[in-house]
Amino acid sequence: MRCLRQLFLVSLGVTAWALHESDVGVVDWNTKLIGVPLHGSPHTAPVFHGDYVLTATSNNVLAALNATDGSIVWRSLYDAEDPIMAFTHHDNIPGVSSLSGPGGSTLRTYDLETGHLILEKQLHNPVDGRLHEPQNLGISLLRSTDISLNSTTYFALTNGDSVTRLDETGDILWTWKSPDQGSLVLYSHIIADPSTVYLVGFAKSFASYTLHVTTLSVTTGELIASVNIPANIKDEQSKFVAVSSQIGPTVTACVNWLEGSTLKAAVLTPDLKGQIMALPGVKYDRISDFGLSTNGQFLAIKEGGAAHVMHFDPQASSLRPIWEFGDAAPSQAQSDSHFVGGLSRDGQPRVARIYWSNVHNKAIHQTLAIHLSEDKASASGFAFPFQTLDHGVIRHVAFDGSSTGETHENTRTLLTTTTGSIQLWQHDKMQWVREEALASIQVAEFVELPEKKVVMSHAAVDEEGYFERLQRQLSDAKNLPQYLANFARRFATGSYATVTTSAASSSDEDTLTRDAFGFRQIIVAATSYGKIFGIDSSDGRVLWSRVLGLGWAAKVGGAIIPTKIFVTRTVSDPEGPQIVLVTQRRADNSLVDTVLFHVNALTGDDVREEHQSIPRTALEGLDAVMGPLVDVFMLPSENRTIVMLDEYLQARLYPDTPSAQAEFESFVPSIHLALRADVPGQRQILGHQLGLNFELSQFYVAYPTWTLSLPPKEEIRAMIPNTRGPIASIGKVLGNRMTLYKYLNPHLTLVLTSFPPSSTCGIYVLDVVKGSVIYHASVPAAGGVCDTQATLTENWLVYHYFDDEFSGTGQSKGYRVVSVEFYEGDGPDDKTKSSELSSYSNKTLHINAYEQSFIMPHGITAISPTSTKFGVSTKDIIVANRKNSIQSIPRRLLNPRRPKHKPTGEEQEEMLVQYDAVLPDDARLVLSHNYEVANVRRIVTSPSLLESTSLVFVYGLDLFFTRIAPSGTFDVLSENFNKVQLVLTVAGLGIAIMVTKPMVQRKRLRERWYQ
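Residues numbered from 1 in each chain as written. Predicted model: local features only at pLDDT ≥ 70, side-chain atom pairs only at ≥ 80, totals over all residues. Heavy atoms only, no water.

## Things to note about the overall build of the protein
Of regular secondary structure, the protein possesses seven helices and 63 strands. Over its C-alpha atoms, taken along the principal directions, the protein stretches across nearly 135 × 85 × 70 Å. With an accessible surface of roughly 47,500 Å², the protein has 52% of that area assigned to carbon and sulfur atoms. (Helix = DSSP H or I, 4+ residues; strand = E, 2+ residues; numbered from the N terminus. Areas by Shrake-Rupley, 256 points an atom, 1.4 Å probe, with all protein chains shown as cover.)

In structure tokens, the structure reads:
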């Protein structure tokens, strides 16, 4: 019976949400991303493997890209509490293995071609994982293959003190743990030969670090030897490299370190009785592994800046430099160099050096070909046009050594830039680029496009003569035949624009103009990697992108963190669409200040620049506030002035003009702010108003007006303002013709809190004028973590949480969605005019709330209501669930007034349906259909020109866009409407009237003669 009821509920509105198969990819689009590669560690940085690029990313994704076209071959998403620590691949047996979780707690292996999970094994409890800095220190994964036996063995170093050997089925063959459990020795490298496992790490001493090496039996895991190598290492990161070299089945290991400026090395044997070697006469500054440590090579940088490629010869047990890059030091003429190694098709080592040349204004690629058998090497290079103004600075390089040959035509390198861009270059041509910074969008906003207008070919129309005017008019009329032909075709076929047609531009010029219904808009998105994008909402193309400049912080380094974005000019303004991006600039010297970027939304140009530079440079913002921001908002006025509250609660304006100042002063009495305050042992929410006191400041300063003290140790998670928009109806007419008037207080704010002592989460609805609590609820915090999602629009509050408590008979654990509606007075027809009422009136607390809880089949990560132009259409709730899909929940299902009995006649007139605790999990309510939209952080909605249709943009790891009509497309004729038949019917009636009119007139004339 319940299934039939849920089917009926879905059928009530499925026509508004269901998507036909033919509409997929037409009314929506999806961009799958992987995130910016984790290039800080060689265990997670991008590597080539044949025609694949393997990488772990900052979005906790392990992925394989097609090196030919940059498409995603497969990706594996890891949970937030299971961060990727290391991955490895093997040339002989195609597959990828990873260690993830605290301390490397979980081992997984994947099929290289499909990404299917082959093996998953927990090596230790994640709770027992040790945290190091960096977090993957003490974690390493070694995959060993015995070709003769066609078997694979895994050696996993976890927690910096444990080694586990596993076979290819995941069975643990043996485990060894350090006797001191990492308190004195932290192992970081693991090397294995057919008989011995070498563990190399740091041993702590009073003033510095020494090296510690332990050898284990491959077969049994028994301890063979464990010794301290006398060393005086001050830096545990960059002054220690372990290399190995294989000749036949024999693997010889060597550990290298800097002691002062002297390079020293020790050849490792199973009994650890070797001698320490030193390379005299040369002073080195640092050493590093550049990808050829398993082939016996590493990099040593001299104090003067020259770079030596060092080679360990296992036969002679010697260490020597085989090549010197003499000009590797950074200078005014060139940047610092990136060195990366690889093996050619015949197994010979290749070294690539990439750097930026300020002299040539290009990137330089040098390739070193090493021929060990002939004991010689040769270097060659070329320049390639890397666009640093569009993509920032090269941060990491991956090199495909197998692509090298006698010429550089097929040489492939993969670049990762500071703006989050991944580029593959073949010789001097860029093959593809992936803007993976879009997986880290911080703020996004819709911007309307202008109408398509005929542009005058002559600017000075008033000054043109007769023949010039005639020539211009003839030129403007050249499209008249095409227009008449298109009109006739549309009239004959009825092929007019519909809500299911693509909004993408079909013209050859591809001008930035809106479509007939306003579905095509620009999505302006700013990322955490210092780049802002303009995205076409019709197809997801990046129309423009700009790098956000650091200003003075470029000399010391830093980052631009977007906080909010405001649309300050629209298509109705003569200046055209403009946005202002508010950011926080965090310099590496710990200084924080506020920077504004004023951008033309159509082109990405800097509005503050009178003459745009060609080529375009990075956007340089306005240093608005020398310090962090407490709050920022935009006045709902004609000038759309932005108000920023600095750390001293002073109000700063942008633009700071006399008209903006006068406009701001007129709004000051109506501005009420709720700010969080940290008091030792207690959190408070303070209400503020703005006042002017020249004794304190020349600016308006916020002063407290009320205080709301939360219980001790209750933390404020988020403060969410009421979603404002046009309100078409101030009440709900009941079946008995009485009216429930909506509580439309414009000063409501939603506050989400967490209370660890009692493992609960708080939901507050506050009136920010006087601090009154309109609504409060306390819900369980599953596992002590508050993951409450909530939204407040008009008089409707919806929040979601996981209930892990058994609160009564018949209750169970599960996800809950609570719907709350606020109405004025004590019941129907009790009107207090809350939207016009002073917040200081006692009637503001005269509220009637209807509340109901529902069971949600899945957890959600983001929630937002739909928005339309005039607010006439029903507001639905759009959610992103943990199944990686986007779903619409109709308001009728979330109506808290749904009766628990069979609806009466009056309730049926209100279209109320019987209450069912379980919300239907129907595929027809899924907006993303078969798209995977992963790790969604926010849902942004915007109205279109049609009142019936709302635009939806979703961002997280992936991007998704669609449009939804909650109440159906009532303002557009359906596609099945026969427009030709209507025209012919009207025409036929017109002809019939013309024919019958004379007949009727003659009949009336005869009747008059014979009367």
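## Here's the deal with the nonpolar core
Counting residues in hydrophobic clusters, the biggest one holds 36 residues, and the most contacted among them are Leu414, Ile441, Ile523, Ile535, Phe953 and Leu959. For this core, the secondary-structure elements that each account for two or more residues are strand 4 (61-66), strand 32 (421-426), strand 34 (441-448), strand 35 (521-527), strand 36 (531-536), strand 62 (950-955) and strand 63 (959-964). For Ile441, the contacting residues outside a window of four places in its chain are Ala525, Ala526, Thr527, Arg937, Phe953, Tyr955 and Leu959. Judged by nonpolar contacts, the second largest core, of 21 residues, contains Leu750, Cys786, Leu797 and Tyr799. (Core = buried A, V, L, I, M, F, W, Y, C linked by side-chain atoms within 4.5 Å. Buried < 20%, exposed > 50% of the residue type's maximum accessible area, 1.4 Å probe, protein only. Contact = heavy atoms within 4.5 Å.)

## Describing the pairing of strand 29 (residues 376-384)
As defined by bridge partners, strand 28 (residues 362-371) adjoins strand 29 across nine bridges and the pair is classed as antiparallel. Pairing of Gln366 across the sheet is with Gly381, part of strand 29. (Pairing = 2+ DSSP bridges.)

## A look at the environment of Ser853
Along the polypeptide, Ser853 turns up in strand 57 (residues 847-856). Along the sequence, Ser853 and Leu894 sit 41 residues apart, while their C-alpha atoms lie 8.6 Å from each other. Setting aside residues no more than four positions away along its own chain, Ser853 makes contact with Arg816, Val817, Val818 and Tyr915.

## As for helix 7 (residues 979-1010)
Taking 1.5 Å per residue, 32 residues should reach 46 Å; helix 7 reaches 46 Å between its end C-alpha atoms and fits that length. Largest kink in helix 7: about 30°, centred on Thr996, with the proline Pro998 one to four residues after it. (Expected span 1.5 Å × (residues − 1). Bend = angle between axes of the 7 residues up to and from the residue.)

## Remarks on unusual backbone geometry
Across residues other than glycine, the phi torsion is negative in most instances, and most of the peptide bonds are trans. Following Tyr654, the chain continues to Pro655 via a peptide bond in cis, the omega torsion being -5°. By secondary structure assignment, the location of Pro655 is in the loop between strand 44 (651-654) and helix 5 (658-667). Phi angles above zero are rare outside glycine, and Leu272 is one such case at about 55°. Among the structural elements, Leu272 can be located in the loop between strand 20 (262-268) and strand 21 (276-279). In the Ramachandran plot, His929 falls in the positive-phi region, its phi being about 35° despite a non-glycine side chain.

## Concerning the state of the cysteines
Counted under the stated rule, the structure contains one disulfide. Across a sulfur-sulfur distance of 2.0 Å, Cys761 and Cys786 are joined as a disulfide pair. For the disulfide bridge between Cys761 and Cys786, the dihedral angle about the S-S bond is near -110°, and by the sign convention the bridge is left-handed. Of this pair, Cys761 sits in strand 52 (residues 760-767) while Cys786 is found in the loop between strand 53 (772-780) and strand 54 (789-793), placing the two residues 25 residues apart along the sequence. (Disulfide = S-S within 2.5 Å.)

## Some details on a nonpolar patch on the surface
Among the surface-exposed residues, Tyr466, Phe467, Leu470 and Leu474 lie close enough to one another that they form a single nonpolar patch of about 500 Å² accessible area. Structurally, Phe467 can be placed in helix 3 (residues 466-476). (Patch = residues over 30% accessible without salt bridge, like charges linked within 9 Å, V, L, I, M, F, W, Y side chains within 5 Å. Salt bridge = Lys/Arg side-chain N within 4 Å of Asp/Glu carboxyl O.)

## Side note on the packing of aromatic side chains
By the definition in use, this model includes 23 aromatic pairs. Aromatic side chains Phe384 and Trp425 sit 4.9 Å apart centroid to centroid with 50° between the ring planes, which places their arrangement in the tilted category. Taken as a pair, Phe384 in strand 29 and Trp425 in strand 32 lie far apart in primary sequence, 41 residues in all. Judged by centre distance (6.2 Å) and plane angle (50°), the rings of Phe446 and Phe961 are tilted. One end of the pair, Phe446, is in strand 34; the other, Phe961, is in strand 63, with 515 residues separating them in the sequence. Judged by its relative accessible area of 6%, Phe446 falls in the buried class. (Phe/Tyr/Trp six-rings, centres within 6.5 Å; stacked < 30°, edge-to-face > 60°.)

## Here we look at the pattern of salt bridges
Within this structure, the stated rule accounts for 31 salt bridges. Taking the shortest distance from any N to any O, the salt bridge between Glu120 and Arg108 comes out at 3.2 Å. Here the residue Glu120 occupies a position in strand 9 (residues 117-122), and Arg108 occupies one in strand 8 (residues 106-110), the gap between them amounting to 12 residues. Salt-bridge contacts for Arg541 lead to Asp539; the nearest nitrogen and oxygen are separated by 2.8 Å. The partly exposed category is assigned to Arg541, whose relative accessible area is 35%. Several salt bridges share partner residues, and in doing so they unite Lys32, Arg75, Glu932 and Asp958 into one network.

## Looking at the sheet that holds strand 8
Pairing is antiparallel in the open sheet, where four strands are placed in the order 6-7-8-9. Edge positions in the open sheet fall to strand 6 (84-89) and strand 9, since each of these has one partner strand only. Here the average twist between neighbouring strands, direction ignored, is 15°. Direction of pairing for strand 6 relative to strand 7 (residues 96-100): antiparallel, over a ladder of five bridges. In the strand pairing of strand 7, His89 is matched with Val96. (Axes fitted to C-alpha atoms, helices over the stretch in contact; angles between N-to-C directions.)

## Quick notes on the environment of Val580
The residue Val580 is located in strand 39 (residues 578-587) in this model. Looking at Val580, the relative accessible area reads 1%, which means it is buried. Here the alpha-carbon distance between Val580 and Ile642, two residues 62 residues apart in the chain, equals 8.8 Å. Apart from the residues lying within four places of it in its own chain, the contact partners of Val580 are Lys564, Ile565, Phe566, Thr568, Leu596, Phe597, His598, Ile642 and Tyr654.

## Thoughts on the sheet that holds strand 31 (residues 412-417)
Ordered by their spatial adjacency, four strands build an open sheet running 30-31-32-33, and the pairing between neighbours is antiparallel. In this open sheet, the two edge strands, each paired with only one partner strand, are strand 30 (394-400) and strand 33 (429-435). Ignoring which end each strand starts from, the neighbouring axes of this sheet average 20° apart.

## Some points on the side chain of Thr413
One can find Thr413 in strand 31. Owing to a relative accessible area of 2%, Thr413 belongs among the buried residues under this scheme. Contacts of Thr413, omitting those with residues within four sequence positions, involve Phe48, His365, Val397, Ala398, Phe399, Gln423, Leu424 and Trp425.

## Some remarks on the confidence of the model for the protein
Of all residues in the protein, 91% have pLDDT values of 70 or greater, and the mean over the chain is 87. Under a pLDDT of 50 for its full length, residues 13-17 has, in the predicted model, 13 contacts with residues more than four places off or in other chains. (pLDDT = per-residue confidence, 0-100.)

## Section: the environment of Val798
Along the polypeptide, Val798 turns up in strand 55 (residues 796-803). With 96 residues separating them along the chain, Val798 and Leu894 place their C-alpha atoms 8.7 Å apart. In contact with Val798, other than residues within four places in its own chain, are Gln789, Ala790, Thr791, Val817, Val818, Ser819, Ile863 and Ile877.

## With respect to the side chain of Thr868
Take Thr868: it is sitting in the loop between strand 58 (860-865) and strand 59 (877-881). In terms of polar contacts, Thr868 uses its side chain to reach the side chain of Glu947, at 2.9 Å. Excluding its chain neighbours within four sequence positions, the residues that come into contact with Thr868 are Pro726, Ser873, Pro943, Glu947, Thr949 and Ser950. (Polar contact = N/O pair within 3.5 Å; in protein donor to acceptor, adjacent residues only side chain to side chain.)

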